Amino acid sequence: MGETSAANEAGDDAVTEASQQSSAGQNPPASPLDRWDLALLALIGGLSGYGFYTLIQYNDSLDDRLSGALGVYLVVGAASFSVCWARRAMAARIVLTLIITALTGIVTWLVTPGNSDQTSLFLDQTARFWFFPSLPLVMFLGLVFGLVAIGQGRARWPYRDIFRTGLNLPIQWGFGLAAAGLLTGFVYLWAIALSAAGWDGLKQAFEDGWLAWPLAGVIAGLAIGLARSVNKLREAAEAIILIAAKLALPILAVFSVLFAVAILVGGIDNLQAAGSPTAILLALAILAKLIFNAVYRDGSETPGRIMRSFAWIALATLPVYATLAVYGIALRVTEYGFSPSRVIVLIVAALVAAYTLLLLLSLAGDILRPARQGWMPLVSRLNTGFAGLWFVLLLALQSPLLSPNAISTADQMARLIDGRTEAEHFDYIALRFSMGAPGRRAIGQLAEISDHPQAEYIRSHAIEVRDRTERWTGQSPQIPAEALPGEWIERIDALQPIGADEALALLEAAIARRDAAQALLCEIYASEALSAPEKDAAALELQQRVSHFMPAAYNIANRYPELAENPSVHAAAGQWVPERGACD
């Protein structure tokens, strides 16, 4: 009876909080979760964890494309179900979970290279972009729009609801992951303690994985369910985010002005000293927008005059980042043509620039004609529209409609055919390994090309790269020796490799240095002028200084078969650094 009363009280509190939030215009929880709901979330989490463990066990026997899609089904399915499940509008929530899971799994299947493709997922730039950040963002945005539509009962997406739902999901997932990591680790510590006491069963089960993965899934499911039932957790997280954003906004405004002044005074040439100026500028622009939106929240509250002034300054300087980012990537494309990463960066930079322009229009409206209710109301409509645009665009980038691999392959092939890129400087390896299926088809076409002034050269290099199973197998055809002047070839040839006699002399010098270091270490520990901590510190310093020289010399000498039976090589194979035990 006590438990039933407590559950009813918890449900009444949740309903009361829901009605209070609804009257305030916030997105209320669908319904309070009871013990059966929590049990279901724990069950789904545990089954997903065990499924993931099973996938890991059989991963080597599965095609990469299949294992990748199955892994996404398990993770996305469990993550989506954990934040969607509720008994109100249950059918719609289950359908939403299935749609998001199927969508992400199918795209993963399409973009992941199979074993027969003889290439790595990590070399395909478009596939890498799908796994991060596209896949998490597609899942997140799809769930946000779906849950808000379910809450509204129709295809309507008020920004206030979008903001609240978009804030809740990361908090719930983050709480679930943190709880799973901490509590699973806590249980593992007990397993270690029990193993020390003579019972190894629990520790072995953890290390085998069949217990750890399901346990983590159960804990994550329970934690997410509890996080959904506690509105104060969201309120606390939102307060922390708001405080951090308000602290960051003045810093952003000050340094944005300093950066703009530095560009005006010093010009843009200095940006080239940075390794990836476009990426840095885009990151700064996106970070600035995130900070602004964290302060803006849902636009229902207007901050004070000082905070608004900092926001105006930060927004007014955003065109500097956006313009330079677009300019930088445009220069790279003009000079070297498209690559998958440049296509992606160009599209992202264009969207950032467009968003910046619309933010400036909203800023101008707020300065010239402040809204009577709310703050910069255009921003809320702008954020909703751009969130939907991002969802569509991230999927389009993995489709034939806007495939970075297809665009890059077509551009690079056109540059080779029309002579803008010489055959000697064409990147055959990137075409084969970094541009997905379009690149692999194109390298096959180049292996049969006949209507080009350098057709023979192109065919030979395309065939060599086409037949590779790894990117770095063999020598790169991009830097032919005949391209170097003869005098440089002679100077390179003059640099003969170290011989066996030199290698042996180097090794013997290393042995002498090791022996001298050993003698010095023994003197350190025999000294009466040093305290015990001082002796240990001196010994550590000595060992660090000589730790690399001995193995390097031994590895060089060990390359020569004629030195295999040399006593010095055998003497060097044991102790490489001075040790205290050798002093006894």
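Computed from a prediction, not measured in an experiment: that's the story for all the values here.

Attention shifts here to a nonpolar patch on the surface. The grouping of Leu66, Leu70, Tyr73, Ile106, Trp109 and Leu110 at the surface amounts to a nonpolar patch, some 540 Å² of accessible area in total. Breaking the nonpolar patch down by element, the ones donating at least two residues are α3 (64-84) and α4 (90-111). With respect to the helices and strands, the residue Tyr73 is situated in helix α3.

Contact geometry of helix α6 (residues 159-196) with helix α9 (residues 231-266) gives a least axis separation of 10 Å together with a crossing angle of 100°. In terms of orientation, α6 and α9 fall into the roughly perpendicular class. Residues Phe163, Arg164, Leu167, Asn168, Ile171 and Phe175 of α6 touch α9, and the partners they reach there are Leu233, Arg234, Ala237, Glu238 and Ile241. Here the contact of α6 with α9 is built from residues that sort into seven nonpolar, one polar and three charged.

Scanning all chains against the criterion turns up 14 aromatic pairs. Through pairs of rings, three or more aromatic residues link up here, namely Tyr159, Phe163, Phe292, Tyr296 and Trp375. Positioned above the aromatic ring of Trp109, the side-chain terminus of Arg65 is 5.5 Å from the ring centre. Over the ring of Phe433 we find Arg432; its NZ or CZ atom is 4.4 Å from the centre of that ring.

Moving on: the packing of α6 against helix α8 (residues 212-229). One can describe the packing of α6 onto α8 by two numbers: an axis separation of 7 Å at closest approach and a directional angle of 140°. Considered as vectors, α6 and α8 are oriented oblique to each other. Judged by the sense of rotation from one axis to the other, the crossing of α6 with α8 is right-handed. Contacts between α6 and α8 involve Gln172, Trp173, Phe175, Gly176, Ala179, Ala180, Leu183, Thr184 and Val187 on the former and, on the latter, Ala212, Leu215, Ala216, Ile219, Ala220, Ala223, Ile224, Ala227 and Arg228. Residue composition of the contact of α6 with α8, by class: 14 nonpolar, three polar and one charged.

For Thr302, the location among the structural elements is in the loop between α10 (277-296) and α11 (305-336). Counting along the chain gives 71 residues from Thr302 to Gln373, while the straight-line C-alpha distance between them is 8.6 Å. Beyond its immediate sequence surroundings of up to four residues, Thr302 is in contact with Arg308, Gly374 and Trp375.

In this structure, Leu143, Leu169, Trp173, Leu249, Phe292, Leu359 and Met376 are the most contacted members of the largest nonpolar core, which totals 77 residues. Here this core takes 13 residues from helix α5 (residues 125-152), the largest share from any one element. Apart from residues no more than four positions distant in its own chain, Leu143 is found in contact with Ser80, Val83, Cys84, Leu96, Ile100, Leu169 and Trp173. Counting 19 residues, the second largest nonpolar core, distinct from the first, contains Leu416, Phe433, Met435 and Ile458.

Further remarks concern the side chain of Thr104. With respect to the helices, strands and loops of the structure, Thr104 is situated in helix α4. With relative accessibility at 0%, the residue Thr104 sits in the buried group. For Thr104, the side chain forms a polar contact with the main-chain oxygen of Thr101, separated by 3.1 Å. Every residue in contact with Thr104, bar those within four places of it in the chain, is listed here: Val72, Val76, Trp130, Leu135 and Val138.

Oppositely charged side chains are able to pair whenever their charged atoms sit close together. Counted under the stated rule, the structure contains 12 salt bridges. Put simply, Arg234 and Glu235 hold a salt bridge, and the shortest N to O gap is 4.0 Å. Of the charged contacts, one joins Arg297 and Glu301 as a salt bridge, the two residues approaching to 3.4 Å between their closest N and O atoms. What you see here is one network of salt bridges that share partners, running through Arg160, Arg164, Arg234, Glu235, Glu238, Arg297, Asp298 and Glu301.

For the chain, mean pLDDT is 83; residues scoring 70 or higher make up 82% of the total. The least confident element of the chain is helix α1 (residues 2-23), whose mean pLDDT is 39; the most confident is α4, at 96. Counting contacts from residues 1-30, a segment whose pLDDT is below 50, to residues more than four positions away or on other chains yields 29 contacts. Note that residues 474-482 has pLDDT below 50 and, in this model, 20 contacts with residues that lie over four places away or in other chains.

Let's shift gears to the side chain of Arg342. Take Arg342: it is sitting in helix α12 (residues 340-368). No salt bridge is formed by the buried Arg342; the nearest opposite charge belongs to Asp411, separated by 7.0 Å. The contact partners of Arg342, leaving out residues within four places of it in the chain, are Ile329, Arg332, Val333, Tyr336 and Gly337.

Moving on to the environment of Arg332. Among the secondary structure elements, Arg332 is positioned in helix α11. Assessed through its relative accessible area of 41%, Arg332 is described here as partly exposed. The spacing of Arg332 and Thr278 is 54 residues in sequence and 9.8 Å in space, taken between C-alpha atoms. Excluding anything up to four places from it in sequence, Arg332 contacts Gly337 and Arg342.

What counts as what
- Residues numbered from 1 in each chain as written.
- Predicted model: local features only at pLDDT ≥ 70, side-chain atom pairs only at ≥ 80, totals over all residues.
- Heavy atoms only, no water.
- Patch = residues over 30% accessible without salt bridge, like charges linked within 9 Å, V, L, I, M, F, W, Y side chains within 5 Å.
- Areas by Shrake-Rupley, 256 points an atom, 1.4 Å probe, with all protein chains shown as cover.
- Salt bridge = Lys/Arg side-chain N within 4 Å of Asp/Glu carboxyl O.
- Helix = DSSP H or I, 4+ residues; strand = E, 2+ residues; numbered from the N terminus.
- Axes fitted to C-alpha atoms, helices over the stretch in contact; angles between N-to-C directions.
- Parallel < 35°, antiparallel > 145°, perpendicular 65-115°, else oblique.
- Contact = heavy atoms within 4.5 Å.
- Nonpolar A, V, L, I, M, F, W, Y, C, P; charged D, E, K, R; others polar.
- Phe/Tyr/Trp six-rings, centres within 6.5 Å; stacked < 30°, edge-to-face > 60°.
- Lys NZ or Arg CZ within 6 Å of the ring centre and 35° of its normal.
- Left-handed = near helix turned anticlockwise from the far one by under 90°.
- Core = buried A, V, L, I, M, F, W, Y, C linked by side-chain atoms within 4.5 Å.
- Buried < 20%, exposed > 50% of the residue type's maximum accessible area, 1.4 Å probe, protein only.
- Polar contact = N/O pair within 3.5 Å; in protein donor to acceptor, adjacent residues only side chain to side chain.
- pLDDT = per-residue confidence, 0-100.
- Lys, Arg positive; Asp, Glu negative; His and termini not counted.

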